[in-house]
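Survey of secondary and tertiary structure
Now for the letters of each chain:
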Amino acid sequence: MTIPFVDLYAQYLSIKPDIDAAIETTIKNSSYIGGRVVTDFEEKFAAWVGAKYCIAAGNGTDTLEILLKAYGIGAGDEVIIPSHSWVSTAETVVNVGGIPVFVDTDARLYTLDVDQIEKKITPRTKAIIPVHLFGLPAEMDRIMEIANKHNLIVIEDCAQCHGAEYKGKRTGTFGNAASFSFYPGKNLGAYGDAGCIVTNDENIAKTCRMIANHGQLKKHDHQIAGRNSRLDGLQAAILTAKLKYLDKWTEARIANAAYYNELFKDSVVITPVIPEHSRHVFHLYVVQVNNRSQVQEVLKEAGIETAVHYPVPMPAMPAFREYLNGSGSYDVNEGYKDKLLSLPMFPELTQEQMQFVASKVLSIAN
Ligand SMILES: *Cc1c(COP(=O)(O)O)cnc(C)c1O
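Below is a summary of the structure that appears in this document. Keep in mind the model is a prediction, meaning the values are calculated, not measured.

Positionally, His-162 belongs in the loop between strand S5 (153–157) and strand S6 (165–166). The exposure class of His-162 is buried, given its relative accessible area of 0%. Reaching out from His-162, the side chain makes a polar contact with the backbone oxygen of Ser-181 at a distance of 2.9 Å. Non-local contacts of His-162, meaning those with residues more than four positions away in its chain, are made with Phe-45, Trp-48, Phe-180, Ser-181, Phe-182, Lys-186, Asn-187, Leu-188, Leu-246, Thr-250 and Val-281.

Structure representation (structure tokens):
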């Protein structure tokens, strides 16, 4: 039995008529950039998240950078981010001229350790970017409390958490604004690169829209130096077609994770923790095992694809070495990084497939 890490083709087949019609209509209307198909998606996604404004853009890295710019974060400004995330969270801070200040993560939740945040705040701190990693919301009550106390902007990195909830409220609605990615493998994925910003702040929404489209709101009225980061019509049409199924897919991911948890119960495998007050949407199903490379090898031989998210904490990357200047340790992240293993996770995964994965893991894990 070969089991892919994600099966995007199975997903396409399950909704083929919707996708084919969306593509055909977009081509028939030649609405390749902008237009109704994009604004339609923006309206639907904003409503789905529960935010007033949605600004579609080229990808979920651009959206972080556009937001940092829109909030005027630049040279010398410090931005607090978790040590454990996809590289975009740190590189966008650097790319606007800011300084990423890394905070260690929680060994079981994988999100930033909220008790470490205040120690890192200086007069130059401007913002916090919490990442709802793997689909689990960061501990937002404490983060918002600290941000309000110190007057900091909060930009949620929602690239992995479409539909996740913290105390009954959707991620993307806690901070000043949020950034989503629609990279193909994300919980809502396009057929190429795509991303968006959501916010309730009209001025920030307007500024982000200008930055993403050459500094203009009207054609040939360039108010600021912007850039080109637009969502193309085909991706918007595909995302609109897929959005209808997102809640169903999320339920399937949650059920699959619960099944995996059951299969690994009372074993050496450390399974994901789901705090009572959170809805984890399992973009990734990440376990910890002591002998990761051995486990990966056995699974590979059995035809099972696995991955590691992420092998290197961002502060340990050569790219960010110059920003460390004694900013403290990230020992917890260092301590678990070699144990992390992401198992196949997608809505269409069957119980039989999960049984096979779990039996292989359990045959070797220690
Ligand atoms: C995927 C991802 C991004 C970047 O999204 P792209 O659309 O690939 O640019 C940013 N942050 C996190 C946490 C991600 O997982």
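Having seen the model, we can carry on.
Our focus in this paragraph is the sheet that holds strand S7 (residues 169–170). Strand order in the open sheet formed by three strands is S7-S6-S10, with antiparallel pairing between adjacent strands. Bordering the open sheet on either side are S7 and strand S10 (278–279), each of which pairs with just one other strand.

For the rest of this paragraph, the subject is the site of the ligand. Close contacts around the ligand come from 15 residues, with Gly-60, Thr-61, Gln-160, Ser-181 and Lys-186 the closest. Note that an oxygen atom of the ligand is positioned 2.7 Å from one of the backbone N or O atoms of Gly-60. At 2.8 Å from a nitrogen atom of the ligand is found a side-chain nitrogen or oxygen belonging to Asp-157. Given that more than half its atoms are within 2 Å of the pocket grid, the ligand belongs to the largest pocket. Per-class residue counts for the shell around the ligand are six nonpolar, seven polar and two charged.

Now for the state of the cysteines. Scanning all chains against the criterion turns up zero disulfides. Cys-54 takes part in no disulfide bond, and the closest cysteine sulfur to it belongs to Cys-196, at a distance of 3.7 Å. Owing to a relative accessible area of 0%, Cys-196 belongs among the buried residues under this scheme.

Rules and cut-offs
Residues numbered from 1 in each chain as written. Predicted model: local features only at pLDDT ≥ 70, side-chain atom pairs only at ≥ 80, totals over all residues. Heavy atoms only, no water. Helix = DSSP H or I, 4+ residues; strand = E, 2+ residues; numbered from the N terminus. Buried < 20%, exposed > 50% of the residue type's maximum accessible area, 1.4 Å probe, protein only. Polar contact = N/O pair within 3.5 Å; in protein donor to acceptor, adjacent residues only side chain to side chain. Contact = heavy atoms within 4.5 Å. Pairing = 2+ DSSP bridges. Near = heavy atom within 4 Å. 1 Å grid on protein atoms, 1.4 Å probe; cavity = no way out; pocket = protein on both sides within 12 Å on 5 of 7 lines; lining within 4 Å. Sits in = over half its atoms within 2 Å of the grid points. Nonpolar A, V, L, I, M, F, W, Y, C, P; charged D, E, K, R; others polar. Disulfide = S-S within 2.5 Å.

Keep in mind these numbers describe shape, not what the thing actually does.
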